[in-house]
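Next come the chains, spelled out residue by residue.
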Amino acid sequence: MAGITIKKRPKYLNFTTLVSNRLPVMGRVSFLHRISGAALFFCLPILLWLFGASLTSPESFATFKSVAALWPVKVILAGLIWAYAHHFCAGIRFLLLDLHIGVEKEAAAKSAIAVLVVSILLTLILWGILL
Amino acid sequence: MINRIVVGAHYGLRDWLVQRATAVIMAVYSVLIVAVLCAVRPSTFEAWQGVFANGVIKFMTFLFCVSLFYHTWIGVRDIWMDYAKPISVRLVLHVLTITVLVGYTGWAAAILWRL
């Protein structure tokens, strides 16, 4: 064998690579982990406001209920439930990878698909209970 | 020799480890609070408020919030480091991110300790 190639790390992917079909499923989960985290960050004020309103007084609780019943808010909340569920599942997968569990290519692809499926199922269950 | 810049990563094990420790704290809290809410099934304001007025749950919820905001800082900082290339822009974004997250911590404490 000839010389060792040293890969440049961290690898920087531009946006078109991320949304194109060339990205394997593990990469998609990684990208969605970032997207879901960013979405949760930008919606933190909405969530804190809703949490505060729900706990302050019977009147503010009523306001919270009427705001949460509006369909645009419901859509945002459904999106945030998915973001939390995805971030949770993908995060556990990354923790397992850190412990060298499931690092082989095939296992990593399978667990990435599992993350996508389980997070959508969790979203549907939580949607059914909460909204 | 690593070129250390002020708006770069915080080198070493610390941030990497904090990101994982806070993740575990939040994951455990998420499962516990779902279990508590499934057991109590609060349907009225009094019952809902009663859950979070409990001293243990209040404290755990605040710990969750602190973990969330610390975790958020590391994650969002990584995003700015990847996409905000001019150092001046990145510095402003870092300062704004820290400012809102410290504010959110106070906001969360105010919500919980009003109960």
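Because the structure is a prediction, the values reported are computed rather than measured. (Residues numbered from 1 in each chain as written. Chains lettered and ligands numbered in written order. Predicted model: local features only at pLDDT ≥ 70, side-chain atom pairs only at ≥ 80, totals over all residues. Heavy atoms only, no water.)

> Go over the overall build of chain B, please, and point to the residues and values.
What chain B contains, in helices and strands, is 4 helices and 0 strands. For a compact globule of 115 residues, the expected C-alpha radius of gyration is about 13 Å, and chain B comes in at 18 Å, more than 25% above that figure. Taking the principal axes of the C-alpha coordinates as reference, chain B spans close to 55 × 25 × 20 Å. In chain B, the proportion of contacts linking residues at least 24 apart, taken out of those at least 6 apart, comes to 68%. Accessible surface, chain B as shown: approximately 6,600 Å² in total, 74% of it carbon and sulfur. Charge centroids of chain B, computed over 9 positive and 4 negative side chains, lie 4 Å from each other. (Helix = DSSP H or I, 4+ residues; strand = E, 2+ residues; numbered from the N terminus. Rg over C-alpha atoms; globule rule 2.2 N^0.38 Å. Contact = heavy atoms within 4.5 Å. Areas by Shrake-Rupley, 256 points an atom, 1.4 Å probe, with all protein chains shown as cover. Lys, Arg positive; Asp, Glu negative; His and termini not counted. Charge placed at Lys NZ, Arg CZ, Asp CG, Glu CD.)

> Let's hear about the side chain of Asp15 of chain B: which residues, and what values?
Its place among the elements puts Asp15 of chain B in helix α1 (residues 14–40). With near-sequence residues (within four places) excluded, Asp15 of chain B lies in contact with His10, Ile74 and Arg77 of chain B.

> Can you explain the environment of His33 of chain A? Please cite residues and give values.
All names here are of chain A. Note that His33 resides in helix α2 (residues 25–56). Using a relative accessible area of 18% as the deciding quantity, one classes His33 as buried. In this structure His33 touches His86, His87, Ala90, Gly91 and Phe94, once residues within four positions along its chain are discounted. (Buried < 20%, exposed > 50% of the residue type's maximum accessible area, 1.4 Å probe, protein only.)

> Please give an account of the interface of chain B and chain A that cites residues and values.
With 36 residues of chain B at the interface, the matching set in chain A holds 24 residues. Taken together, both faces of the contact between chain B and chain A bury some 2,500 Å²; the carbon and sulfur share is 75%. At the boundary of chain B with chain A, the tally comes to 2 salt bridges. Between Arg20 of chain B and Asp98 of chain A there is a salt bridge; the shortest N-O distance is 2.4 Å. Here chain B is connected to chain A by 7 residue pairs in polar contact (both at pLDDT 80 or more). Of all the elements in the fold, those that place two or more residues in the side of chain B that touches chain A are α1, α2 (45–53), α3 (55–83) and α4 (87–113) of chain B. Among the elements that take part in the side of chain B that touches chain A, α3 of chain B stands out by supplying 12 residues, more than any other. Taken together, the residues that form the side of chain B that touches chain A break down as 23 nonpolar, 8 polar and 5 charged. (Buried area = accessible area lost by both parts, 1.4 Å probe. Salt bridge = Lys/Arg side-chain N within 4 Å of Asp/Glu carboxyl O. Polar contact = N/O pair within 3.5 Å; in protein donor to acceptor, adjacent residues only side chain to side chain. Nonpolar A, V, L, I, M, F, W, Y, C, P; charged D, E, K, R; others polar.)

> Run through the environment of Leu47 of chain A, naming residues and quoting values.
Residues and elements named next belong to chain A. In this fold, Leu47 is placed in helix α2. Residue Leu47 is classed as partly exposed on the basis of its relative accessible area of 30%. In sequence terms Leu47 and Val118 are 71 residues apart; their C-alpha atoms lie 23 Å from each other.

> Tell me what's going on with the state of the cysteines, and back it up with residues and numbers.
For the coordinates displayed, the defined rule picks out 0 disulfides over all chains. Free cysteine Cys89 of chain A: the closest other cysteine sulfur is in Cys38 of chain B, separated by 16 Å. We classify Cys89 of chain A as buried; its relative accessible area is 13%. Here Cys65 of chain B stays unpaired: no disulfide links it, and the sulfur of Cys43 of chain A, its closest cysteine neighbor, is 16 Å away. (Disulfide = S-S within 2.5 Å.)

> Describe the nonpolar core, naming the residues involved and giving the relevant values.
Counting residues in each nonpolar core, the largest one holds 29 residues, and the members touching the most others are Leu44 of chain A together with Phe52, Phe69 and Leu101 of chain B. Here this core gets 9 residues from one element, more than from any other, and that element is α3 of chain B. If we skip the residues at most four places from it in the chain, Phe52 of chain B touches Phe51 and Leu55 of chain A together with Tyr29, Ile33, Ile57, Lys58, Thr61 and Leu115 of chain B. With 5 residues, the next largest nonpolar core counts Val29, Cys89, Ala90 and Ala112 of chain A among its residues. (Core = buried A, V, L, I, M, F, W, Y, C linked by side-chain atoms within 4.5 Å.)

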